[in-house]
Amino acid sequence: MTVEAVRAFLATHAPDISVVELDASTATVEMAARGHGVAPAQIAKTLSLRIKDRTLLIVTSGDARLNNRKIKDVLGGKPRMLGAEEVATLTGHPVGGVCPFGLATPLPIYCDVSLKQFDEVVPAAGSTNSALRISPARLASLVDAEWVDVCDRG
């Protein structure tokens, strides 16, 4: 699944966007920024969280940090990061390649306002060496994400 699921999603919803696969791993924000020639903040990292009985994804700027107080106020509880195996099962993507596209399980998706500072962001695309380039507004629109303010800037 993974990259193929993202490609299938894009073929249906955004055929003008292509997946970029690099030879080197882009599994961390720093590696992705280096590989794609952008600032770490421009990497759109997708975090898989559980808040009470809800599992959800939050897409943030690469240098942003979750603020537990903001999350509790906005989403109603303290966030807990999911384990790698659960992330892969729910999203269909491995840790380091998680993105809001082509998910194995429909999940609520939130985009943090930290992404809005950029004209273009670089989220992963289903593997630890793939990504795509997209405007934050289009990313949120494609995955029906809700904009939230739940992070502190790096």
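What counts and what doesn't
Residues numbered from 1 in each chain as written. Predicted model: local features only at pLDDT ≥ 70, side-chain atom pairs only at ≥ 80, totals over all residues. Heavy atoms only, no water. Helix = DSSP H or I, 4+ residues; strand = E, 2+ residues; numbered from the N terminus. Rg over C-alpha atoms; globule rule 2.2 N^0.38 Å. Buried < 20%, exposed > 50% of the residue type's maximum accessible area, 1.4 Å probe, protein only. Contact = heavy atoms within 4.5 Å. Areas by Shrake-Rupley, 256 points an atom, 1.4 Å probe, with all protein chains shown as cover. Lys, Arg positive; Asp, Glu negative; His and termini not counted. Charge placed at Lys NZ, Arg CZ, Asp CG, Glu CD. Phe/Tyr/Trp six-rings, centres within 6.5 Å; stacked < 30°, edge-to-face > 60°. Salt bridge = Lys/Arg side-chain N within 4 Å of Asp/Glu carboxyl O.

Topic: the overall build of the chain
Logical step 1: The number of helices and strands found in the chain is five helices and ten strands.
Logical step 2: Against the globule reference of 15 Å for 154 residues, the chain gives a C-alpha radius of gyration of 14 Å, in line with a compact fold.
Logical step 3: Along the first, second and third principal axes, the C-alpha set of the chain runs to 40 × 30 × 25 Å.
Logical step 4: For the chain, with 154 residues in total, the buried portion stands at 52%.
Logical step 5: Counting only contacts in the chain whose residues sit at least 6 apart along the sequence, the fraction spanning at least 24 positions is 65%.
Logical step 6: If you sum the accessible surface of the chain, you get close to 7200 Å²; carbon and sulfur atoms cover 50% of it.
Logical step 7: The averaged location of the 17 negative side-chain charges in the chain is 7 Å from the averaged location of its 16 positive side-chain charges.

Thoughts on the packing of aromatic side chains
Logical step 1: By the definition in use, this model includes one aromatic pair.
Logical step 2: Ring plane angle 40° and centroid distance 5.7 Å describe the contact between Phe-9 and Phe-101, whose orientation is recorded as tilted. Highlighted residues: Phe-9 in helix H1 (residues 3–13) and Phe-101 in the loop between helix H4 (84–91) and strand S6 (109–112), separated in sequence by 92 residues.

Description of the pattern of salt bridges
Logical step 1: Applying the stated criterion across every chain, the model contains nine salt bridges.
Logical step 2: Of the charged contacts in the structure, one is a salt bridge between Glu-21 and Arg-7, with a shortest N-O distance of 2.6 Å. Pair noted here: Glu-21 is in strand S1 (residues 20–21) and Arg-7 is in helix H1, with a separation of 14 residues, a long-range link.
Logical step 3: On the accessibility criterion, Glu-21 (43% relative accessible area) is partly exposed.
Logical step 4: In this structure, the salt-bridge partner of Lys-70 is Asp-149, at a minimum N-O distance of 3.2 Å. Residue Lys-70 is located in helix H3 (residues 68–75), and its partner Asp-149 is located in the loop between strand S9 (146–148) and strand S10 (151–152); the two are separated by 79 residues in the primary sequence.
Logical step 5: The class of Lys-70 is partly exposed, set by a relative accessible area of 24%.
Logical step 6: Residue classification places Asp-149 among the partly exposed residues on the basis of a relative accessible area of 36%.
Logical step 7: In this structure, a network of salt bridges that share partners links the residues Lys-70, Asp-112, Asp-149, Asp-152 and Arg-153.

Digging into the environment of Cys-111
Logical step 1: One can find Cys-111 in strand S6.
Logical step 2: By relative accessible area, which is 0% here, Cys-111 ends up buried.
Logical step 3: Taking the C-alpha atoms as reference points, Cys-111 and Glu-21, 90 residues apart in sequence, are found 24 Å from one another.
Logical step 4: When near neighbours in sequence (up to four residues on either side) are disregarded, Cys-111 contacts Val-59, Leu-139, Ala-140, Ala-145, Glu-146, Trp-147 and Val-148.

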